[in-house]
Amino acid sequence: MDGRDWKRFLLPYEQAVEELKVKFKTLRGELKSREEYAPIEFVTGRVKKISSMLEKAKRLSVPMDQLESGIEDIAGIRIMCQFVEDINTLAEQIRERQDMTVLYEKDYINNKKPSGYRSYHIIIEYPVQTGLGMKRILAEIQIRTLAMNFWATIEHSLNYKYKEQLPDDVRARLSRAAEAAFILDQEMSNIRGEIVASQLMFEDNSNLVNRVLSNIQALYFYHRVREAAQFQLRFNEIWETEVGLSELAADLEAALSRAKKGDTN
Ligand SMILES: Nc1nc2c(ncn2[C@@H]2O[C@H](COP(=O)(O)OP(=O)(O)OP(=O)(O)O)[C@@H](O)[C@H]2O)c(=O)[nH]1
Ligand SMILES: Nc1ncnc2c1ncn2[C@@H]1O[C@H](COP(=O)(O)OP(=O)(O)OP(=O)(O)O)[C@@H](O)[C@H]1O
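Residues numbered from 1 in each chain as written. Chains lettered and ligands numbered in written order. Predicted model: local features only at pLDDT ≥ 70, side-chain atom pairs only at ≥ 80, totals over all residues. Heavy atoms only, no water.

A short note on the sheet that holds strand β2 (residues 75-81)
- One open sheet holds the five strands; their spatial order is β1-β2-β5-β4-β3, and the pairing between them is mixed. Only two strands of the sheet have a single partner each, and these edge strands are β1 (42-47) and β3 (101-107). The mean inter-strand angle of the sheet, taken between neighbouring strand axes irrespective of direction, is 25°.
- Pairing of β3 with strand β4 (residues 120-130), which is carried by six bridges, proceeds in the antiparallel orientation. In the strand pairing of β4, Lys-106 is matched with His-121.
- Helix-sheet contacts for helix α1 (residues 3-33) involve β1, β2, β4 and β5 (133-145), and the interaxial angle to β1 is about 180°.
- Most of the contacts of helix α4 (residues 84-96) go to β5, to which it runs at about 165°, and overall it touches β2, β3, β4 and β5. (Pairing = 2+ DSSP bridges. Helix = DSSP H or I, 4+ residues; strand = E, 2+ residues; numbered from the N terminus. Axes fitted to C-alpha atoms, helices over the stretch in contact; angles between N-to-C directions. Contact = heavy atoms within 4.5 Å.)

Here you go:
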């Protein structure tokens, strides 16, 4: 294949990665805007480099005309979660989706790799709508916790540096670090309820603060300058402690609704 052929070959994979990133980021945003807990912390994706694809094809003895079916991670998505439990929730949501088909799954969480690597992998078939019609491609979704990602990122860069010839002491330390990351995940799972409740409360309050501030602005817009200034003063008095924020928000909503109707107090 020359440069132009590679460009054409990779196009649907690039489209798939972009679409999948948007879909999972949107899922996170949608759940957050409904003030629900989102099992997604952040999402990344990449199309495999040609050099890495060729190296892998050689290693797995995949013929050049079978790259599409022989290398399943040309399009790769990675989803980071806070807790191990989120990985199961997300995997279930992916299985139920209508816009992709799960082909198979690899559970490297309960069956860690010899290196110490842990993650949950889902291989999907994803239909890309191209100018020439629909094309089904394979894509890999890696789902992992923040701790698993931290370990895998460091290990990947060390392997890159040592070209897979890690010194024994480094390998042993990495293996211990993988166990430490696993214990960290278990400890976090034990206090998951506490953490999730406080995060939701924090988000609730910051949503409320944003609503109060934009409603004060709106009052100015309706020329309720004195009222808006009084609300601003009330807000300035309580913003640090947030005591009385809900009452202030409710009074403000009422004032704004009167202003919209043109009522006087
Ligand atoms: N950092 C790190 N990542 C790994 C490790 N093992 C697997 N991965 C990641 O998971 C992907 C898929 O790995 P596997 O499920 O073993 O799939 P594979 O494509 O059959 O085989 P390999 O690419 O040879 O590992 C790799 O492309 C990496 O991104 C590991 O030991 N360390
Ligand atoms: N599914 C994925 N989603 C997002 N990023 C990925 C995914 N898979 C790999 N990456 C990242 O892409 C970069 C290039 O990785 P590359 O595809 O060359 O090799 P690899 O995935 O580590 O191994 P292999 O060649 O054995 O599949 C690395 O930073 C890697 O962490």
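Topic: the environment of Thr-145
- Here Thr-145 shows up in strand β5.
- There is a polar contact of 3.1 Å between the side chain of Thr-145 and the backbone nitrogen of Met-148. (Polar contact = N/O pair within 3.5 Å; in protein donor to acceptor, adjacent residues only side chain to side chain.)

Observations concerning a nonpolar patch on the surface
- On the surface, Met-1, Ile-50, Leu-54 and Met-64 cluster together to form a nonpolar patch covering roughly 340 Å² of accessible area.
- Examined against the element boundaries, Met-1 turns out to sit in the segment before α1. (Patch = residues over 30% accessible without salt bridge, like charges linked within 9 Å, V, L, I, M, F, W, Y side chains within 5 Å. Areas by Shrake-Rupley, 256 points an atom, 1.4 Å probe, with all protein chains shown as cover. Salt bridge = Lys/Arg side-chain N within 4 Å of Asp/Glu carboxyl O.)

Quick look at the side chain of Asp-73
- By secondary structure assignment, the location of Asp-73 is in the loop between α3 (67-70) and β2.
- The exposure class of Asp-73 is buried, given its relative accessible area of 6%.
- Engagement of the side chain of Asp-73 in a polar contact is seen with the side chain of Lys-48, the distance being 3.4 Å.
- A distance of 3.2 Å separates a polar atom in the side chain of Asp-73 from a polar atom in the side chain of Lys-56.
- In contact with Asp-73, other than residues within four places in its own chain, are Arg-46, Lys-48, Lys-56 and Glu-140. (Buried < 20%, exposed > 50% of the residue type's maximum accessible area, 1.4 Å probe, protein only.)

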